[in-house]
Amino acid sequence: MHPAVLAAGQNLPGFGDQPVWITLIKVVGVFAFLVVMTLFSIVFERKVVGRMQNRIGPNRVGPWGVLQSLADGVKLAFKEEIIPALADKPVYWIAPVVSAVPAFLAFAVIPFGPQVSMFGHHTALQLTDLPVGVLVVFACSSLGVYGIVLSGWASGSTYPLLGGLRSAAQMISYEVAMGLSMVAVFLFSNTMSTSGIVAAQTHHWWVMGLLPSFCIYAIAVVGETNRAPFDLPEAESELVGGFHTEYSSFKFAMFFLAEYINMVTVSALAATLFLGGWRAPWPISLWDGANAGWWPILWFTAKVVLGIFVFVWLRGTLPRLRYDQFMSFGWKVLIPINLVWILTITSIHVLHDHGWAWWRAIVVPGCVVVILGIIAVTMAEPAAARRRAELADEEAEAAAEEPTFPVPPMDLVVPAAPRTLTRIGAGSPPAELPAPPEEN
């Protein structure tokens, strides 16, 4: 590994030795970036989904409707707040804060660009970094589940409690797959520092060599952020609004803000780990000044917007999964594939370090994985066939049994409409109704 990459990951130059006022400028800049990206994401999502569904979308507030999300935020801030009588007030108040604050903190270690000159001082376009910077993002995303669980429990209602429990199981399950998808990046970068990982992608991005890790990460973060088709904790067809059913006004706005900031954060982390970070894509990278100065902020923002577009695309395309299918997919599909992939990548890495040529180090473990996969499929197919036969027998037995609940008769005959009317009163003869017209 190049010494500069290791230095970027371990020594972390440019952090901790800068003036306080530059740090404050960076803090305000990161906060403003996240707020603006949240307002943009809401309008962007509504516009894109409207285009997919052949409708207009917001077009009244501001030019082309771009200020609609700002108007919605102001409206939410001034709406009447209704607090349930059975709510645990302290926990009910703190839960939205616990959801929103970690979403902001996670962006502290995301690099926006290289070192630039800011008022005569050379500083990196990054708030801070650590030798384990990626784990900071991972930890902050894990803290968000506390706010969701606490909000569901503190509301004193059934639907929020069920939504909070669903979210806890969902986020814990998909965090495992999300964390495992990063292991291959750490192996090839020799660091867990975000700036070091970007520096390691100087010549080629990791998405080209670690495509399975990227795909698993992309699927896992959709479940991690509770977005469609994995939005089971807030499924309106089952749980009304899920964990935030009993929230209104500014507290609901904080949950809304946390969801969209998490979308921006995981998109930025995907760009950092797999898409070269702030580095320009080809053919823009052929320009000598593409990766210098302030231009990398533009490339980085474009990659984040691309990730947000994928989130919106999934929401406008795929239906919601059943909860048991969703959990089964995480534990029985994503995690086993991830473990096999990590074992393969590690074998390739070790064999290459022991002097094997790249093609030989890739072919030998690949052949072993293919052979083991064929054996596993061959052994699993009879068991799956037996299970299908058992399910068919169980369904046949259940259909043959008498139902234990009342059902209408299958030969139910609706009585014909009466043809006469009887007037109430002494001596009133019945009045004949006209006969219905005959059908041709």
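Above: the structure in question.
Throughout what follows, the structure given in this document is the object of discussion. Owing to the predicted nature of the structure, the values given are computational and were not obtained by experimental measurement. (Residues numbered from 1 in each chain as written. Predicted model: local features only at pLDDT ≥ 70, side-chain atom pairs only at ≥ 80, totals over all residues. Heavy atoms only, no water.)

Examining the overall build of the protein
(1) Moving on: When you go through the protein residue by residue, the secondary structure sums to 14 helices and four strands.
(2) Moving on: Split into buried and exposed, the 440 residues of the protein put 41% on the buried side.
(3) Moving on: Once local pairs closer than 6 in sequence are excluded, the contacts in the protein between residues at least 24 apart make up 75%.
(4) Moving on: On the protein, roughly 24700 Å² of surface is accessible, and the fraction owed to carbon and sulfur atoms is 70%. (Helix = DSSP H or I, 4+ residues; strand = E, 2+ residues; numbered from the N terminus. Buried < 20%, exposed > 50% of the residue type's maximum accessible area, 1.4 Å probe, protein only. Contact = heavy atoms within 4.5 Å. Areas by Shrake-Rupley, 256 points an atom, 1.4 Å probe, with all protein chains shown as cover.)

Concerning the environment of A87
(1) Moving on: In this structure, A87 sits in the loop between α3 (68-78) and α4 (89-105).
(2) Moving on: Here the alpha-carbon distance between A87 and W153, two residues 66 residues apart in the chain, equals 8.6 Å.
(3) Moving on: With residues up to four places along the chain from it excluded, the contact list for A87 reads Y92, A154 and S155.

Remarks on the layout of surface pockets
To find leftover empty space, a probe the size of one water molecule is rolled over the atoms.
(1) Moving on: Size it by volume and the largest pocket reaches roughly 960 Å³.
(2) Moving on: As for the largest pocket, its lining consists of 46 residues, of which R227, E234, E259, Y260 and R315 are closest to the centre.
(3) Moving on: Only α2 (20-52), α4, α5 (133-154), α11 (249-274) and α12 (295-317) provide two or more residues apiece to the lining of the largest pocket.
(4) Moving on: No other element matches the nine residues that α11 contributes to the lining of the largest pocket.
(5) Moving on: In terms of residue class, the lining of the largest pocket is built from 23 nonpolar, twelve polar and eleven charged. (1 Å grid on protein atoms, 1.4 Å probe; cavity = no way out; pocket = protein on both sides within 12 Å on 5 of 7 lines; lining within 4 Å. Points joined across faces, edges and corners; volume = space filled by probe spheres on them. Nonpolar A, V, L, I, M, F, W, Y, C, P; charged D, E, K, R; others polar.)

A word on α4
(1) Moving on: Over its 17 residues, α4 runs 25 Å from end to end, which matches the ideal 24 Å to within 8%, given 1.5 Å per residue.
(2) Moving on: All of the buried residues in α4 are V91, Y92, A95, P96, S99, A100, P102, A103 and F104.
(3) Moving on: Lining the buried residues of α4 we find α2, α5 and α11. (Expected span 1.5 Å × (residues − 1).)

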